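The lines below spell out each chain.
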Amino acid sequence: HSRGNKLQINHLAWKYLPKLCLLKECLVRLSLKLRNFYSFSISLNTFRGYYKEHFLDSSYPYKGIEDVLVYLIGKGYILGVVTNKIDELALLMVNTFFPGVFSCVVGDLPTRRKKPHKDMVNVALRRLGSPKKRDVIYIGDSNVDYDTAINSEIDVILVSYGYRSYEYLDDY
């Protein structure tokens, strides 16, 4: 679980917005700058650097996830991660919290489309030895994960302990 993006935005706001401005004015300025993050005047390296130093400050595994992973591995499942987090940082986070558990981690790179496109799933499937799609289960916690699985033509299980509530996910 990560509240890292919220902390990063707070960090960037304090670093790059004037120290003395009305809250409403600051929010408008920040909102305008965040509308298109990739054209954001602050370099992605600043974002990465701060996140790399602070991702453990507010990230942690969901309660009970370790038991689920042990169960899945015990049943013979091969596990991978597909995330829209920056690839380098996703690998760092997964290896910090779950060393040796996942056979591959695929994160965001400028050279591939993010979820819900199937590109990242296809990379993961290749890294996992190209299993047949009927043997793959995509477990996610959002409508984006659902759409990713559908676009990838694989079965999906949605869980409500992540970004979306059971009530929200029930529509999928």
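Residues numbered from 1 in each chain as written. Predicted model: local features only at pLDDT ≥ 70, side-chain atom pairs only at ≥ 80, totals over all residues. Heavy atoms only, no water.

Digging into the nonpolar core
Membership of the largest hydrophobic core is limited to 12 residues, which are Val82, Cys104, Val106, Met120, Val121, Val123, Ala124, Leu125, Val136, Tyr138, Ala149 and Ile154. Mapped onto this core, the elements with two or more residues apiece are β2 (104-108) and α6 (119-127). Ranked by residues supplied to this core, first place goes to α6 with 5 residues. (Core = buried A, V, L, I, M, F, W, Y, C linked by side-chain atoms within 4.5 Å. Buried < 20%, exposed > 50% of the residue type's maximum accessible area, 1.4 Å probe, protein only. Helix = DSSP H or I, 4+ residues; strand = E, 2+ residues; numbered from the N terminus.)

What about the environment of Phe55?
When you line up the elements, Phe55 lands in helix α3 (residues 44-58). Between the C-alpha atoms of Phe55 and Leu89, which are 34 residues apart in sequence, the distance is 8.5 Å. Among residues more than four places away in sequence, those in contact with Phe55 are Leu92, Met93 and Thr96. (Contact = heavy atoms within 4.5 Å.)

What about the environment of Val101?
Following the sequence through the fold, Val101 ends up in the loop between α5 (87-97) and β2. What makes Val101 partly exposed here is its relative accessible area of 22%. For the pair Val101 and Glu66, spaced 35 residues apart in sequence, the C-alpha to C-alpha distance is 9.7 Å. With residues up to four places along the chain from it excluded, the contact list for Val101 reads Leu69, Ile73 and Leu79.

Concerning unusual backbone geometry
Between Lys115 and Pro116 the backbone carries a cis peptide bond, its omega angle lying at 20 degrees. The residue Pro116 is located in the loop between β2 and α6 in this model. Positive phi, normally seen in glycine, also occurs at Ser130, with a value near 55 degrees. Positionally, Ser130 belongs in the loop between α6 and β3 (137-140). Although it is not a glycine, Glu153 adopts a positive phi angle of roughly 60 degrees. Along the chain, Glu153 turns up in the loop between α7 (143-152) and β4 (155-158). Exposure remark for Glu153: the relative accessible area of 63% places this residue in the exposed category.

Section: the environment of Leu89
Examined against the element boundaries, Leu89 turns out to sit in helix α5. Given the relative accessible area of 3%, Leu89 is considered buried. Beyond its immediate stretch of four places on either side in the chain, Leu89 contacts Arg48, Tyr51 and Lys52.

Here we look at the confidence of the model for the protein chain
With 69% of its residues at a pLDDT of 70 or more, the protein chain shows a mean pLDDT of 79. Within the protein chain, the lowest mean pLDDT, 53, falls on helix α2 (residues 23-34), and the highest, 97, falls on α6. Scored below 50 in pLDDT, residues 17-22 shows 9 contacts in the model against residues more than four places distant or in partner chains. (pLDDT = per-residue confidence, 0-100.)

Section: the pairing of β2
Across the 5 residues that make up β2, a large majority, 5, are buried. Sheet topology places strand β1 (residues 80-86) next to β2; 4 bridges connect them, and they run parallel. Across the sheet, residue Gly80 finds its bridge partner in β2, namely Cys104. What joins β1 to β2 is α5, and the crossover it makes is right-handed. (Pairing = 2+ DSSP bridges. Right-handed = clockwise from strand over helix to strand, strands pointing away.)

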